[in-house]
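Chain and residue survey
Residues per chain, in single letters:
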Amino acid sequence: MAAPKRGRSASAQSKPGRSLALILIAIVALTGGMFASGHKTPRLGIDLAGGTSITLKAKADQGSAINKANMDTAVDIMNRRVNGLGVSEAEVQTQGDDNIIVNIPKGTNSKEAQEQVGTTAKLYFRPVLASEPSGAATQSPSPSASSGGSSSPKPGASPSSSASSKEKASSSGSPSPTATATSQGRAVTDALKAGSTPSPSGSASGKPSPTPSASKGSGSGTDTSKLQAQYAALDCTKPTDRAKAGKNAKPGDTIVACGQNDKVWYKYLLGPAGVDGTEVKKAQAVFDTQGASGWQVQMTFTKSGADKFADVTGQLAKNQQPQNEFGIVLDGEVVSSPFVRQAITGGQAEISGSFKQEEAQSLANMLSYGALPLSFQEQSVTTVTAALGGEQLHAGLLAGAIGLALVVIYLVVYYRGLSVVAMASLLVSAILTYLIMTLLGPAINFALNLPAVCGAIVAIGITADSFIVYFERIRDEIREGRSLRPAVERAWPRARRTILVSDFVSFLAAAVLFVVTVGKVQGFAFTLGLTTLLDVVVVFFFTKPLMTVLARRKFFADGHKWSGLDPKGLGAKPPLRRTRRPAGPAGPVDPKEA
C-alpha cells in the first residue's frame, strides 16, 4: 500500500489557526453588526410574541390581474395602513402567488386591523390651500418657471413634478410666481376665506358650481379657527399625528394631511375633493424618449372625470403657489402634489418630474386602482395573546434544552475527551445561528416562530451527526494501527465527503419544503436550511482545525483512556512491521555427493 504524500499532510496540518481565527473574526463582526443594528434578540413571530395575524387571498375573479407588480403594490398600501395604527414592528408580506399575510404583534385589536387592510380605500384629487415642511419654520420652495418641474413636494416620487396637457406638452404658460412664507396664521385664514377653489357639482354638464361646504371654514369662523389650529399643531414627523390627520374626513371637507418627500415630511391644508380617484380610467408609467423628460405618469379620465379635471385645473391655474397645486390623496396621505399652469382639457394629462422608474410605476398603480389593485378575501384572522406566546416560547426552549442535554450526555459517555470538541462546535454553531437570526430580523423581516424553533432543535442532531461521522473515521484509522496525527488527516477526506452529501440532502429537503409551502411551515424550512449551511461552515472551519491542534497535545496524541482515542479501548491492531529475509548465497551451489 502506497504511503500518503507527506507534503499534502504537512500542508493540511500546518496552519489550522487561520481557520479558527476566521471563525473568531466572523463572530466578532456579526456581534458588532447586531449591536449596531440596535436589535439584540431575534424578532419573534406572532405565535411567540403574541398579536394578530390576518391572511388575505386575492380573489379568483380577477385572476388575470394577479401578478407580482399588483401584489407588491397591495403590500405597499396595506403596510401604509397598518403603520397608521401606530403599531411598531408590523409586517405585511406576500406568501405564494396570491396570499398576503399581515402580522401585527403586541396583541393589537384585530377588529381595528381588519378595518385597515383588505378594504378598498378612497383616492381623491384635492386643491392645495397651504403647505410647508412639518416641524420647520422654513419657506416653501420656490417653483421653477420651466414647464419641466416644480419644487412643490411630491411625496413618494420625486421632489419636482408638474401636470400639463398631453395635447399641449409645449404649451406656454406664465411663469409661476415665487412662493412666499406660509405662516400659520393670516395666510391659512386667507386661504380658507378664498373658497379653496370651487368643487365641481358632478352635474351632467360638468360645470363647476361653488359648493357651500367647499370649505368648512368659509362659512364659520369657529370652523376656520379650528382648522387653523389643527394645521398649526400638526407635526407630520410624529406617526400619531399622521394617523389622525384627515381621519374620517368626507370628500366635501377641508382637511389637513401629511406627505413625505425625500424623507422630509410636509403638512398640507387641502380643500374639498375636486375629482374622485375612481374617475381615473387609466394611468401608466412611460419613459419620454422624445422630450427627454424621463419617466412620466400618463392619466386618462372618464368623460365626467375629464370635465371635472378641466374645471378644477382651470381654477387652480389662476392661483399662486402653492394654491395652483392639487394633492393626490390616498388613505389620507398626500402621495403627490403637482402644480398646473393652465386648464388641462381632453381627459388626458401627464405628471412629469425627476421620477425614477419604480416611483412612476407606483404612482401609476395608485392612480389606476384608486387604492388596492386587487380585491382580497379574508381567509383567517388569528389572535394570540402575549401570555400564550410566552408559554409556547418557554415550551420550545425547554424542548431544545432537553434535546441538547441528551446529546451532550451521549457524547460524554461515548466519546469522552472528544466530547469537548463536539460541545465547542455546537456552541459556535449556536452563536452563529443566534447572531444571524437576530440580524435577519431588521434585514429581511425574519421572525422566529414556533416551527422555526423546531427547525433549530432538529438542527442539533444534524450538527452532532457531522461530528460523529468525523470522529468515527478517526477511530477507524487508529484501529488500523496509525497514530493520531496521521489518523486525523487521513480520516478527513472520507468524512468530508460523507458530511457534504448528508448536508446537501438536508438542505435540498429544506429548500423544497420552503418553496412548496406557505405560512409558518416556511419558518421551519428556513431555519433548517440555515443551520445546515452553518453546519458545513463549523465543521470545515472549526471542528477539523481544532482536531488538528488537539492531535498535537499529549493527552490526545498518547491515547489517554479518557481522551476517547485510546488504541487499546478501540481494539487497535499492532503496527505492521516489515522484516527482512536473511540474505541467500550469492550464486548457485553445487550439490555435494553423498
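1. Points about the overall build of the protein chain
Helix and strand counts for the protein chain stand at 18 helices and 14 strands. Per-residue burial for the protein chain yields a buried fraction of 45% across its 594 residues. Within the structure as shown, the protein chain displays about 29,700 Å² of accessible surface, and the carbon and sulfur contribution to it stands at 57%.

2. Considerations on the packing of helix α14 (residues 450–479) against helix α16 (residues 521–550)
It is the contact of α14 with α16, at a shortest axis distance of 8 Å, that shows an interaxial angle of 30 degrees. The angle between the axes of α14 and α16 places the two elements in the roughly parallel class. Along this stretch, α14 crosses α16, giving a crossing that reads as right-handed. Of the residues contributing to the contact of α14 with α16, the split by class is 15 nonpolar, 8 polar and 2 charged.

3. Description of helix α15 (residues 484–516)
An ideal rise of 1.5 Å per residue puts 48 Å on 33 residues; α15 measures up with 46 Å between its terminal C-alpha atoms. Looking only at α15, the buried set comprises Leu-484, Ala-487, Val-488, Glu-489, Ala-491, Trp-492, Ala-495, Ile-499, Asp-503, Ser-506 and Ala-510.

4. A look at the state of the cysteines
Counted under the stated rule, the structure contains 1 disulfide. In this model Cys-236 forms its disulfide with Cys-258; the gap between the sulfur atoms is 2.0 Å. For the disulfide bridge between Cys-236 and Cys-258, the dihedral angle about the S-S bond is near -80 degrees, and by the sign convention the bridge is left-handed. Remark: Cys-258 occurs in strand β6 (residues 255–261) and Cys-236 occurs in the loop between α8 (221–233) and α9 (239–244); sequence separation between them is 22 residues. Cys-258 matches Cys-236 in its accessibility class, with the two residues each being buried.

5. Brief notes about the nonpolar core
Formed by 48 residues in total, the largest nonpolar core has its most connected members in Tyr-470, Phe-471, Ile-474, Leu-484 and Met-547. Elements that contribute at least two residues to this core include exactly α2 (16–37), α12 (386–415), α13 (418–444), α14, α15 and α16. Every residue in contact with Phe-471, bar those within four places of it in the chain, is listed here: Tyr-415, Leu-418, Val-421, Ala-422 and Met-547. Phe-125, Val-275, Met-299 and Phe-309 belong to the second-largest nonpolar core, a separate cluster that totals 28 residues.

6. Topic: α16
Look at α16: 41 Å from first C-alpha to last across 30 residues, which is about the 44 Å you get at 1.5 Å a residue. Of all bends in α16, the biggest is about 40 degrees, found at Val-539.

7. Points about unusual backbone geometry
Note: most peptide bonds trans; most residues except glycine with negative phi. Residue Gln-321 is joined to Pro-322 through a cis peptide bond whose omega torsion reads 5 degrees. Even without a glycine there, the phi angle at Arg-416 is positive, about 55 degrees. Within the element layout of this structure, Arg-416 appears in the loop between α12 and α13. Given a relative accessible area of 36%, Arg-416 falls into the partly exposed group.

8. Comments concerning the pairing of β6
Burial within β6 is extensive, with 6 of its 7 residues counted as buried. Summarising the sheet, β6 and strand β7 (residues 264–270) pair through 7 bridges and their orientation is antiparallel. Its bridge partner being in β7, Val-256 is matched across the sheet by Leu-269. Counted between consecutive antiparallel strands, the loop separating β6 from β7 contains 2 residues, among which Asp-262 sits at a positive phi close to 55 degrees.

9. Some points on the confidence of the model for the protein chain
Across the protein chain, the average pLDDT comes to 76, with 72% of residues at or above 70. Segment residues 1–13 is flagged for pLDDT under 50; beyond a separation of four residues in sequence, or across chains, it makes 9 contacts in the model. Within the model, the stretch residues 196–219 combines pLDDT values under 50 with 49 contacts to residues more than four positions away or in other chains.

10. With respect to the packing of aromatic side chains
Across all of its chains, the model carries 15 aromatic pairs by this definition. A centroid spacing of 5.1 Å and a plane angle of 75 degrees characterise the contact between Trp-492 and Phe-540, whose relative ring orientation is edge-to-face. Taken together, the positions of Trp-492 in helix α15 and Phe-540 in helix α16 put the pair 48 residues apart, joining distant regions of the chain. Residue Phe-540 is classed as partly exposed on the basis of its relative accessible area of 26%. Counting every residue linked through ring pairs, the aromatic cluster contains Phe-125, Phe-301, Phe-309 and Phe-326. Residue placement shows Arg-242 over the ring face of Trp-265; its charged tip is 4.1 Å from the ring centre. Just above the ring of Tyr-414 sits the side chain of Arg-475; from NZ or CZ to the centre is 5.0 Å.

11. Observations concerning a nonpolar patch on the surface
On the surface, Val-501, Phe-504, Val-505, Leu-508, Val-512, Phe-514, Val-515 and Val-516 cluster together into a nonpolar patch covering about 770 Å² of accessible area. By the secondary structure assignment, Phe-504 is in helix α15.

12. Focus: the pattern of salt bridges
With the rule as written, the count across this model stands at 10 salt bridges. For Arg-475, the salt bridge goes to Glu-472, with nearest N and O atoms at 3.9 Å. Taken together, the positions of Arg-475 and Glu-472, both in helix α14 and 3 residues apart, correspond to about one turn of that helix. Look at Arg-475 and you get buried, because its relative accessible area is 5%. A single salt-bridge network, built from bridges that share partners, covers Glu-477, Arg-482, Arg-490 and Arg-494.

13. So, the packing of α14 against α15
Direction vectors running N to C along α14 and α15 enclose 145 degrees, while the axes themselves pass 8 Å from each other. Relative to α15, the crossing made by α14 is right-handed. Grouping the constituent residues of the contact of α14 with α15 by class yields 12 nonpolar, 4 polar and 6 charged.

14. A short note on the environment of Gly-274
Positionally, Gly-274 belongs in the loop between β7 and β8 (275–276). Under the relative-accessibility criterion, Gly-274 is labelled buried at 9%. Taking the C-alpha atoms as reference points, Gly-274 and Lys-308, 34 residues apart in sequence, are found 6.9 Å from one another.

15. Describing the environment of Leu-270
One can find Leu-270 in strand β7. Using a relative accessible area of 0% as the deciding quantity, one classes Leu-270 as buried. Spatially, the C-alpha atoms of Leu-270 and Val-256 are 6.0 Å apart, while their sequence positions differ by 14 residues. Sequence-distant contacts of Leu-270, that is, excluding residues within four places in its chain, are made with Arg-126, Pro-127, Val-128, Leu-129, Asp-253, Thr-254, Ile-255, Ala-257, Val-329 and Val-334.

Parameters at a glance
- Residues numbered from 1 in each chain as written.
- Predicted model: local features only at pLDDT ≥ 70, side-chain atom pairs only at ≥ 80, totals over all residues.
- Heavy atoms only, no water.
- Helix = DSSP H or I, 4+ residues; strand = E, 2+ residues; numbered from the N terminus.
- Buried < 20%, exposed > 50% of the residue type's maximum accessible area, 1.4 Å probe, protein only.
- Areas by Shrake-Rupley, 256 points an atom, 1.4 Å probe, with all protein chains shown as cover.
- Axes fitted to C-alpha atoms, helices over the stretch in contact; angles between N-to-C directions.
- Parallel < 35°, antiparallel > 145°, perpendicular 65-115°, else oblique.
- Left-handed = near helix turned anticlockwise from the far one by under 90°.
- Nonpolar A, V, L, I, M, F, W, Y, C, P; charged D, E, K, R; others polar.
- Expected span 1.5 Å × (residues − 1).
- Disulfide = S-S within 2.5 Å.
- Core = buried A, V, L, I, M, F, W, Y, C linked by side-chain atoms within 4.5 Å.
- Contact = heavy atoms within 4.5 Å.
- Bend = angle between axes of the 7 residues up to and from the residue.
- Pairing = 2+ DSSP bridges.
- pLDDT = per-residue confidence, 0-100.
- Phe/Tyr/Trp six-rings, centres within 6.5 Å; stacked < 30°, edge-to-face > 60°.
- Lys NZ or Arg CZ within 6 Å of the ring centre and 35° of its normal.
- Patch = residues over 30% accessible without salt bridge, like charges linked within 9 Å, V, L, I, M, F, W, Y side chains within 5 Å.
- Salt bridge = Lys/Arg side-chain N within 4 Å of Asp/Glu carboxyl O.

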